[in-house]
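# Understanding the architecture of this molecule
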Amino acid sequence: MDKNGVPIDTPLTLKFERKSGRYQAKMYNPGNFIDYPSAPIFILDGKVTRDADFVARLKTNQIEQIDLFYQPDQLFANFKAIGRSGVVNIRSKSGMAIPADEEADVFRINGLQTPVEFPTLLSDQLRTKTGQPFFRPQVYWNPNLETDAQGLARFSFVQTDDWSHFRIEVLVQAENGAFGRVVAEYTVKGK
């Protein structure tokens, strides 16, 4: 129960304010018994709003997925100061429009996925010493890779022992916001 004696079923609570006729939102961290000081931010299909009333009135059949970020280490690692009172990430089935009065203050947030750990060269060397095959999903993600003055960048990763066809897709964004994309394919075959 919260400090007002209201049962808490989720870290996110939406409360209807009779005085204003609008919904208000609060995040609660049940692990640490923290009631965050202000309203959380809502990310709707990559766009940010604090309009809890708009979110509370969404039709549930429009929503594909809701992620609640309420643990302090998650909030700081993924959202820094903007998420200090919690973050609700909502992905819709077909796209949602932000309220018109909020649209002027909306900005797009990309890259909410936390950094992924990849095997190092050491793990590759250990695999070779033991003679055991090294199987794992082949994924490499590096959002912080920067090019040099000539627009070139180098990277390396540990390849799985799977015999398969793989694709490398490179997406880049220039300082002026322009995007570029290149796809390269390669095959790993047995000896």
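Residues numbered from 1 in each chain as written. Predicted model: local features only at pLDDT ≥ 70, side-chain atom pairs only at ≥ 80, totals over all residues. Heavy atoms only, no water.

## As for the sheet that holds strand β4 (residues 41–44)
The sheet built from 4 strands is open, its strands ordered β5-β4-β7-β6 with mixed pairing. One side of each edge strand has no neighbouring strand; the edge strands of this open sheet are β5 (47–49) and β6 (63–69). Recorded for the sheet is a direction-independent mean angle of 20° between the axes of neighbouring strands. As judged from the 6 bridges shared by β6 and strand β7 (residues 87–92), these two strands associate in the antiparallel manner. Across the sheet, I63 pairs through a bridge with S92, a residue of β7. Contacts between helix α2 (residues 72–79) and the sheet are confined to β4, β6 and β7, with β6 contributing the most and set at about 110° to the helix. (Pairing = 2+ DSSP bridges. Helix = DSSP H or I, 4+ residues; strand = E, 2+ residues; numbered from the N terminus. Axes fitted to C-alpha atoms, helices over the stretch in contact; angles between N-to-C directions. Contact = heavy atoms within 4.5 Å.)

## Observations concerning the pattern of salt bridges
Close approach of charged atoms allows side chains with opposite charge to pair. For the coordinates displayed, the defined rule picks out 5 salt bridges. Between D53 and R57 there is a salt bridge; the shortest N-O distance is 3.0 Å. By relative accessible area, D53 is classed as buried at 10%. Look at R57 and you get partly exposed, because its relative accessible area is 47%. Here R181 and E169 are joined by a salt bridge, their closest N and O atoms 2.7 Å apart. Residue R181 is located in strand β9 (residues 179–187), and its partner E169 is located in strand β8 (residues 165–173); the two are separated by 12 residues in the primary sequence. (Salt bridge = Lys/Arg side-chain N within 4 Å of Asp/Glu carboxyl O. Buried < 20%, exposed > 50% of the residue type's maximum accessible area, 1.4 Å probe, protein only.)

## Let's talk about the packing of aromatic side chains
Tallying each qualifying case throughout the model produces 3 aromatic pairs. A centroid spacing of 5.1 Å and a plane angle of 75° characterise the contact between F69 and F79, whose relative ring orientation is edge-to-face. Note that F69 is positioned in strand β6 and F79 in helix α2, a separation of 10 residues in sequence. The two residues F69 and F79 agree in class, both being buried. Just above the ring of F76 sits the side chain of K80; from NZ or CZ to the centre is 4.6 Å. (Phe/Tyr/Trp six-rings, centres within 6.5 Å; stacked < 30°, edge-to-face > 60°. Lys NZ or Arg CZ within 6 Å of the ring centre and 35° of its normal.)

## Digging into the environment of I98
Note that I98 resides in the loop between β7 and α3 (100–103). Overall, I98 belongs to the buried group, its relative accessible area being 8%.

## Quick look at the pairing of β9
Inspection of the sheet shows β8 paired to β9 by 9 bridges, in the antiparallel sense. Counted as the bridge partner of F166 is Y186 from β9. Count of turn residues in the β8/β9 antiparallel hairpin: 5 residues, of which G177 carries a positive phi of about 95°.

## With respect to the nonpolar core
Grouped together as the largest cluster of nonpolar side chains are 21 residues, with contacts concentrated most on F42, L44, L58, V87 and I90. Those elements that provide at least two residues to this core are β2 (22–29), β4, α1 (52–56), β6, α2 and β7. Sorting elements by how many residues they give to this core places β4 first, with 4 residues. Discounting chain neighbours no more than four positions away, the residues touching I90 are I43, L44, D45, V55, L58, I63, Q65, I66 and M96. (Core = buried A, V, L, I, M, F, W, Y, C linked by side-chain atoms within 4.5 Å.)

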